[in-house]
Amino acid sequence: MLHYIGKRLLHLIPVLLGMTFIVFLIIRAIPGDPAQVILGQQATAEAIAALRDKLGLNNPWYVQYFDYLKGILTGDLGDSLRTRQPIISEVWPYLAATFELAIFAMIIAVIIGMNAGIISAWFQNSWFDYIAMIVALIGVSMPIFWLGLMEQWIFSINLGWLPTSGREEVRDPVAAITHLYLIDTLLQGRFDQFLIVVKHLILPGLALATIPTAIIARMTRASMLEVMRSDYVRTARAKGQKMLIVIYKHALKNAFIPVLTIIGLQTGLLLGGAILTETIFSWPGIGRYIYEAIGYRDYPVIQSGILIVAFLFVMINLIVDLLYTVIDSRIKYN
Amino acid sequence: MKNKKFWSFGLFLLLALSMVLAACGSDTEKEETSTTTAPTSETTTEEKAAPPQVLVFGRGGDSVSLDPAIVTDGESFKVTQNLFETLLNFGEQDTTINPGLAKDWEVSEDGLTYTFYLEEGIQFHDGTDFNAEAVVKNINRWKAGTEEDFYYFNSMFKAEGADVITDVVADGDHKVIFTLSRPQAPFLKNIAMSPFGIASPTAFEAAGDKFGDNPVGTGPFKFVDWKRNDSITIEKFDGYWQAGLPKLDKVIFRSIPDNSARLNALTANEIDLADGINPSDGATIEGNSALQLIERPSMNIGYLGLTNTRPPFDNVLVRQAVNYAIDQQAIVDAFFEGRAQVAKNPMPPSISGYNDDIEGYAYDPEKAKALLAEAGYDGKEIELWAMPVPRPYMPDGAKVAEVIQKNLADVGIPSEIVTFEWATYLEKAKNGEADAFMLGWTGDNGDADNFIYTLLDKDNIGSNNYAYYSNDEVHDLLIAAQSEVDENKRIDLYKQAQVIIHEDAPWVPLAHSTPLLAAKAGVKGFLPHPTGSDKLDNVSIE
């Protein structure tokens, strides 16, 4: 197992290298000079040239690329061109915000999606099955910005149950320790603030969970249907075992492997794809960090942001692969 | 067997967790209502307790830095305007010159020496004394920096790399004398701009590059905390020199990028004041008694630039024809909800030097066709560039572009609407790659120079003169106006320039919009400033 993990981690190196290289080339192909963007519309040509020189943008691309790689190896992701702060020191709060939201959304997606899929499969072709699959179809195709604004309109403005945006009550801010506010509030024994943070998580969490929920539901249903046709489930049912036991003890275990793959992929996608949700709910996460960097042509931030997300994506996939062995003892890595 | 147990237990946990989460929602709801009702029940017999003087200001973006000298973006100035003070202030809602940290000033007759008499007994938030020496240290800090360090200082007070302010000296504790290399007509207006807020020398010397994270000025509020892309908190400075100010105890600037989401947050009572309201939401806000709609005085221009070096717009007759072809009033009515004024000059009427005698091009398709025929226009399709982002001077670029496209087609100019992502759009337009492009400008200091020279002088081709308009006569007038100290003569020079520009028709001036804000009904004393940097010292919550 350790050998396998080591091998997988080694495989990461070329993947991430390729990643950095592609991102590096793409963002340099976009028109728009960062020096120009930083200095604003009125800057003179000399000032732009001086800044380009200072930022190393006048060097040949391969020199810039190797400088960047060298930085990464020494734990230096460079400075943000916009804020002039080292990226390594400013990225964590954004990442933490996205983690908290993505994990919350994934929990919602797994609970609702898997249960809906199981019930649909069990009562195949029933009214529940039809409705659930239609809802899932709508869920996949729903534009998030529209959904987000609707959620705000219904649950915040009309019902007044939940806040529209942000991570906390700004009039009573959470003192950030780990920047994962659910943990921070508990560390400080502020249970009132903990609940406020949870309330802030619900609407963006639901919006972000919509697509994964729908996908997980469909995957679970398909996978369960297949398993339920197998002999051992038929036997279990024939033996008169209770429905819940058949489902959760026998069928789900085997149906879960493809679902787990989907969960892993979706979690990775959530990390990088939260831009719209983060914008509508003004969630200060990594998606918005990268998005705003694009507007400013803040190369180091775009590069590092994508690199970090890619790294997490690959790590999640590794974890998923390792989980297979836990679920199914027939799968072994040597 | 073990595995099965593991899974059923896991699922049970997930289910239980979902229950807890659902319960949390309703619990906190109860708690919140009980906390909000508590104070009122205590005070039923007494007078109603005063509401907490905390203002949450919702805006579209985060600040870049809180060191006003190094930034160029409006969102940064919105905060620094309340942390720092300048030697001179603009009027409450205009750009007239008023005392600030300097209570009085004198200008020598030749326009080369400015003497400022400073207010006494003022301290920075860190306890450092504000005096003539502090002013000198600030100016020298800006002078020593390059354009990339102190962009606005360089653009306002340097010409071809040489300092306009050649010397600054302290004469005693409360008198500062500036010597200029040449007369600069808008000098006082320039010095009143947000980037020239006076910072504590002790603080910027100690903090160096980190000063933007720990700003220290003399303003009514002092810096408390900054959660990037989320919120900036500032609180009342107890040692503020103006008695009774500020009225608020705390201001929290929250960034909520989406306009509709920001309005939702206001309606849901999470913020007290919202910047950047869509014109189409104006009527809804007016119909809600819990809210008030606030209009920012207009100091902008939205226009359709015609690249003067590219055919067919290298022909003045074609440019005039386009001016006759476009129905500006219809655009203002439809997309600005009437909250804008049709433009005829390249600057808004609120700015001194505006030439109101000029008659704008009327909407006259027939005349346009005649002019096109006279010009020998070949009917070749043009590219019409539509702005990809809403701006105060142009709420919906794509839709306005469709109307313009229709107007142009009516007179026989076929066009294709093109758009790019914003940074790319600016870059390509600046390179002169557009045929016709939508763009606009919001004034920095309320001076005519900041519109006409910046946007249409030949010096600024490749910079802000995106239309590549070049006219030597206009250039001479504008340069003369820059160093003319006599205000009446200056106004006359700008009026002459506008006459020529009107004839040459480098753009189609479209509209001067009135940007909208909205606040809760209880917010009093908020006066939005045309520059977009709002002072909050007189704001209170009732």
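Worth saying up front: this structure is predicted, and the values here are computed from it rather than measured.

Trainee: Sorry if this is basic, but what is going on with the overall build of chain A here?
Mentor: Helix and strand counts for chain A come out as 14 helices and zero strands. Along chain A, helices and strands appear, N-terminal first, in the series α-α-α-α-α-α-α-α-α-α-α-α-α-α. If you line up chain A on its principal axes, its C-alpha atoms span 85 × 55 × 40 Å. Counting the 334 residues in chain A, one finds 53% classified as buried.

Trainee: Even after reading the chapter, I still don't get the sheet that holds strand 16 (residues 340-342) of chain B, so can you show me in this structure?
Mentor: Consider a sheet: its strands pair through backbone hydrogen bonds, and that pairing is either parallel or antiparallel. Residues and elements named next belong to chain B. Judged by pairing direction, the sheet is mixed, and its six strands sit side by side in the order 16-20-15-19-17-18 without closing on themselves. Looking at strand neighbours, the two that pair on one side only are strand 16 and strand 18 (415-418), the edges of this open sheet. The sheet shows a mean angle of 25° between the axes of neighbouring strands, taken without regard to direction. Relative to strand 19 (residues 436-442), strand 17 (residues 382-385) runs parallel, the two sharing two bridges. If you follow Trp385 over to strand 19, its bridge partner there is Phe437. Most of the contacts of helix 10 (residues 328-335) go to strand 20 (residues 507-513), to which it runs at about 35°, and overall it touches strand 16 and strand 20. Contacts from helix 13 (residues 422-430) reach strand 17 and strand 19, with the element oriented near 105° to strand 19.

Trainee: Just to check I follow, could you spell out the packing of aromatic side chains for this structure?
Mentor: What describes a pair of aromatic rings is the distance from one ring centre to the other and the angle between the planes of the rings. Counted by the stated rule, this structure contains 33 aromatic pairs over all chains. Consider the rings of Trp61 of chain A and Tyr62 of chain A, whose centres lie 5.8 Å apart with planes at 85°: the pair is edge-to-face. Their ring planes at 50° and their centres at 6.3 Å tell us that Phe437 of chain B and Tyr466 of chain B sit as a pair that is tilted. Residue Phe437 of chain B is located in strand 19, and its partner Tyr466 of chain B is located in the loop between helix 14 (452-456) and helix 15 (472-483); the two are separated by 29 residues in the primary sequence. You'll find Phe437 of chain B and Tyr466 of chain B in the same group, each marked buried. A connected cluster of aromatic rings, assembled from ring pairs, spans Tyr114, Phe116, Trp142, Phe153, Phe157, Phe178, Phe187 and Phe196 of chain B. A cation over a ring is seen here: Arg167 of chain A above Tyr181 of chain A, with NZ or CZ 3.8 Å from the ring centre. One Lys or Arg, Arg141 of chain B, reaches over the ring of Phe204 of chain B and ends 4.7 Å from the middle of that ring.

Trainee: I tried to follow helix 15 of chain B on my own but got confused; where do I start?
Mentor: Owing to its 3.6 residues per turn, the α-helix brings residues three or four apart onto one side. All names here are of chain B. Helix length check: helix 15 (12 residues) gives 17 Å between terminal C-alpha atoms against 16 Å at 1.5 Å per residue, within 8%. All of the buried residues in helix 15 are Val474, His475, Leu477, Leu478, Ala481 and Gln482. What you see down the axis of helix 15 is that its buried residues fit within an arc of 165°, all on one side. Along helix 15, exposed side chains directed more than 90 degrees from the buried face belong to Glu473 and Asp476. Looking at the buried residues of helix 15, the elements they touch are helix 14 and helix 16 (487-504). Put simply, Asn471 is the residue that caps the front of helix 15, since its side-chain oxygen is 2.8 Å from the backbone nitrogen of Glu473.

Trainee: Sorry, what's going on with the sheet that holds strand 21 (residues 516-520) of chain B here?
Mentor: Residues and elements named next belong to chain B. The seven strands are arranged 10-11-12-1-13-21-14 in an open sheet whose pairing can be described as mixed. Edge positions in the open sheet fall to strand 10 (221-227) and strand 14 (291-295), since each of these has one partner strand only. Here the average twist between neighbouring strands, direction ignored, is 20°. Relative to strand 12 (residues 250-255), strand 1 (residues 54-59) is paired through six bridges, and the arrangement is parallel. If you follow Leu55 over to strand 12, its bridge partner there is Val251.

Trainee: Whenever I open this one, the side chain of Arg319 of chain B confuses me. Can you help?
Mentor: Residue and element names in this part refer to chain B. Its place among the elements puts Arg319 in helix 9 (residues 316-325). A polar atom in the side chain of Arg319 sits 3.4 Å from the side chain of Asn308. Non-local contacts of Arg319, meaning those with residues more than four positions away in its chain, are made with Leu306, Asn308, Phe313, Asp314, Asp504, Ala505 and Pro506.

Trainee: In this structure, what is going on with the pattern of salt bridges? I would like to understand it.
Mentor: Residues and elements named next belong to chain B. This structure, assessed with the given rule, holds 36 salt bridges over all chains. With a closest N to O distance of 3.7 Å, Asp163 and Lys143 form a salt bridge. On the criterion of sequence distance, the pair formed by Asp163 in strand 7 (residues 162-163) and Lys143 in helix 3 (residues 132-144) is long-range, its members being 20 residues apart. For Glu366, the salt bridge is made with Lys369, and the minimal N-O distance between the two is 3.6 Å. Pair noted here: Glu366 and Lys369 are both in helix 11 (residues 365-375), with a separation of three residues, about one helical turn. Among the charged side chains, a network of salt bridges with common partners joins Arg59, Asp62, Glu75, Lys78, Asp275, Arg296 and Asp534.

Trainee: Would you explain the environment of Glu366 of chain B in this entry?
Mentor: Judged by relative accessible area, Glu366 of chain B falls into the exposed class, the value being 53%. It is 60 Å that separates the C-alpha atoms of Glu366 of chain B and Leu245 of chain B, two residues lying 121 residues apart in sequence.

Trainee: Sorry, what's going on with a nonpolar patch on the surface here?
Mentor: Residues and elements named next belong to chain A. The grouping of Leu25, Trp61, Tyr62 and Phe66 at the surface amounts to a nonpolar patch, some 440 Å² of accessible area in total. Here the element with the most residues in the nonpolar patch is helix 4 (residues 61-73); it accounts for three residues. As for its placement among the helices and strands, Tyr62 is situated in helix 4. For Tyr62, a relative accessible area of 44% translates into the label partly exposed.

Trainee: Just checking my understanding: could you explain the interface of chain A and chain B for this structure?
Mentor: Often, the extent of an interface is quoted as the loss of accessible area upon association of its parts. With 67 residues of chain A at the interface, the matching set in chain B holds 64 residues. Counting the surface lost from both chain A and chain B, the interface buries some 5700 Å², and carbon and sulfur atoms represent 54% of this. In this structure, the salt-bridge partner of Lys227 of chain B is Glu168 of chain A, at a minimum N-O distance of 3.0 Å. The tally of links between chain A and chain B comes to 11 residue pairs in polar contact (both at pLDDT 80 or more). For the side of chain A that touches chain B, the leading source of residues is helix 5 (residues 87-122) of chain A, giving seven residues. For the side of chain A that touches chain B, the per-class residue count stands at 35 nonpolar, 18 polar and 14 charged.

Trainee: Just checking my understanding: could you explain the environment of Leu101 of chain B for this structure?
Mentor: All names here are of chain B. As for its placement among the helices and strands, Leu101 is situated in the loop between strand 3 (97-99) and strand 4 (102-107). Assessed through its relative accessible area of 0%, Leu101 is described here as buried. For the pair Leu101 and Tyr117, spaced 16 residues apart in the sequence, the C-alpha separation amounts to 8.6 Å. Contacts of Leu101, omitting those with residues within four sequence positions, involve Glu85, Thr86, Leu87, Tyr117, Leu118, Glu119, Ile122, Phe130, Ile198, Thr218 and Trp241.

Cut-offs applied
Residues numbered from 1 in each chain as written. Chains lettered and ligands numbered in written order. Predicted model: local features only at pLDDT ≥ 70, side-chain atom pairs only at ≥ 80, totals over all residues. Heavy atoms only, no water. Helix = DSSP H or I, 4+ residues; strand = E, 2+ residues; numbered from the N terminus. Buried < 20%, exposed > 50% of the residue type's maximum accessible area, 1.4 Å probe, protein only. Pairing = 2+ DSSP bridges. Axes fitted to C-alpha atoms, helices over the stretch in contact; angles between N-to-C directions. Contact = heavy atoms within 4.5 Å. Phe/Tyr/Trp six-rings, centres within 6.5 Å; stacked < 30°, edge-to-face > 60°. Lys NZ or Arg CZ within 6 Å of the ring centre and 35° of its normal. Expected span 1.5 Å × (residues − 1). Arc of directions from axis to C-beta. Polar contact = N/O pair within 3.5 Å; in protein donor to acceptor, adjacent residues only side chain to side chain. Salt bridge = Lys/Arg side-chain N within 4 Å of Asp/Glu carboxyl O. Patch = residues over 30% accessible without salt bridge, like charges linked within 9 Å, V, L, I, M, F, W, Y side chains within 5 Å. Areas by Shrake-Rupley, 256 points an atom, 1.4 Å probe, with all protein chains shown as cover. Buried area = accessible area lost by both parts, 1.4 Å probe. Nonpolar A, V, L, I, M, F, W, Y, C, P; charged D, E, K, R; others polar.

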